[in-house]
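Reading the structure
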Amino acid sequence: HLNWYRKPVDEHFKKVFATHHDLLIVLEPDPKLPLKMAIAMANVKLKVGIGAKQMAEFYDFHLKTEGTESMEFVGAQIEKYLSIFDQVKQAHHE
């Protein structure tokens, strides 16, 4: 359910996004407006997404895709980069 401003008004939605999360991974390469709103409103430390270059502004880490890649490949690439980020983070805390 969206209001006149196309913001979600569903109580479950509000509850989910009021809670802080560490990671949000969006595997939709061309999200429609309601999902874009959800991404923008999410209370998340790290937002990861895929798709065309114009979607990069929505994410902290954006994996540019052409739309021909398999989800297995995309998942493996995201996992690879998250692992690298984790290693860098751990190195800075030592």
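Below is a short write-up of the structure.

Thresholds applied
Residues numbered from 1 in each chain as written. Predicted model: local features only at pLDDT ≥ 70, side-chain atom pairs only at ≥ 80, totals over all residues. Heavy atoms only, no water. Helix = DSSP H or I, 4+ residues; strand = E, 2+ residues; numbered from the N terminus. Buried < 20%, exposed > 50% of the residue type's maximum accessible area, 1.4 Å probe, protein only. Contact = heavy atoms within 4.5 Å. Lys, Arg positive; Asp, Glu negative; His and termini not counted. Charge placed at Lys NZ, Arg CZ, Asp CG, Glu CD. 1 Å grid on protein atoms, 1.4 Å probe; cavity = no way out; pocket = protein on both sides within 12 Å on 5 of 7 lines; lining within 4 Å. Points joined across faces, edges and corners; volume = space filled by probe spheres on them. Nonpolar A, V, L, I, M, F, W, Y, C, P; charged D, E, K, R; others polar. Core = buried A, V, L, I, M, F, W, Y, C linked by side-chain atoms within 4.5 Å.

**Topic: the overall build of the protein**
When you go through the protein residue by residue, the secondary structure sums to three helices and three strands. Seen in sequence order, the protein has helices and strands lined up from the N terminus as α-β-α-β-β-α. The buried share of the protein, reckoned over its 94 residues, is 26%. Considering only residue pairs separated by 6 or more positions, the protein has 35% of its internal contacts joining residues 24 or more positions apart. If the 12 positive side-chain charges of the protein are averaged to one point and the 13 negative ones to another, these points end up 7 Å apart.

**Points about the layout of surface pockets**
It is the rolling of a water-molecule-sized probe over the atoms that shows where space remains empty. Counted as a void, the largest pocket has a volume near 150 Å³. Sorting the residues of the lining of the largest pocket by element identifies β2 (44-51) and α3 (71-93) as the ones contributing at least two each. Per element, the largest residue contribution to the lining of the largest pocket is four residues, and it comes from α3. Considered class by class, the residues forming the lining of the largest pocket number three nonpolar, no polar and four charged.

**Side note on the nonpolar core**
V48, I50, F61, L63, V74 and I78 form the largest nonpolar core, which has six residues in total. Where this core is concerned, the elements lending two or more residues are β2, β3 (61-64) and α3. If we skip the residues at most four places from it in the chain, I78 touches I25, L27, V48, I50 and L63. In this structure, F13, F17, A38 and V44 belong to the second largest nonpolar core, which totals five residues.

These figures come from the coordinates and say nothing about function on their own.
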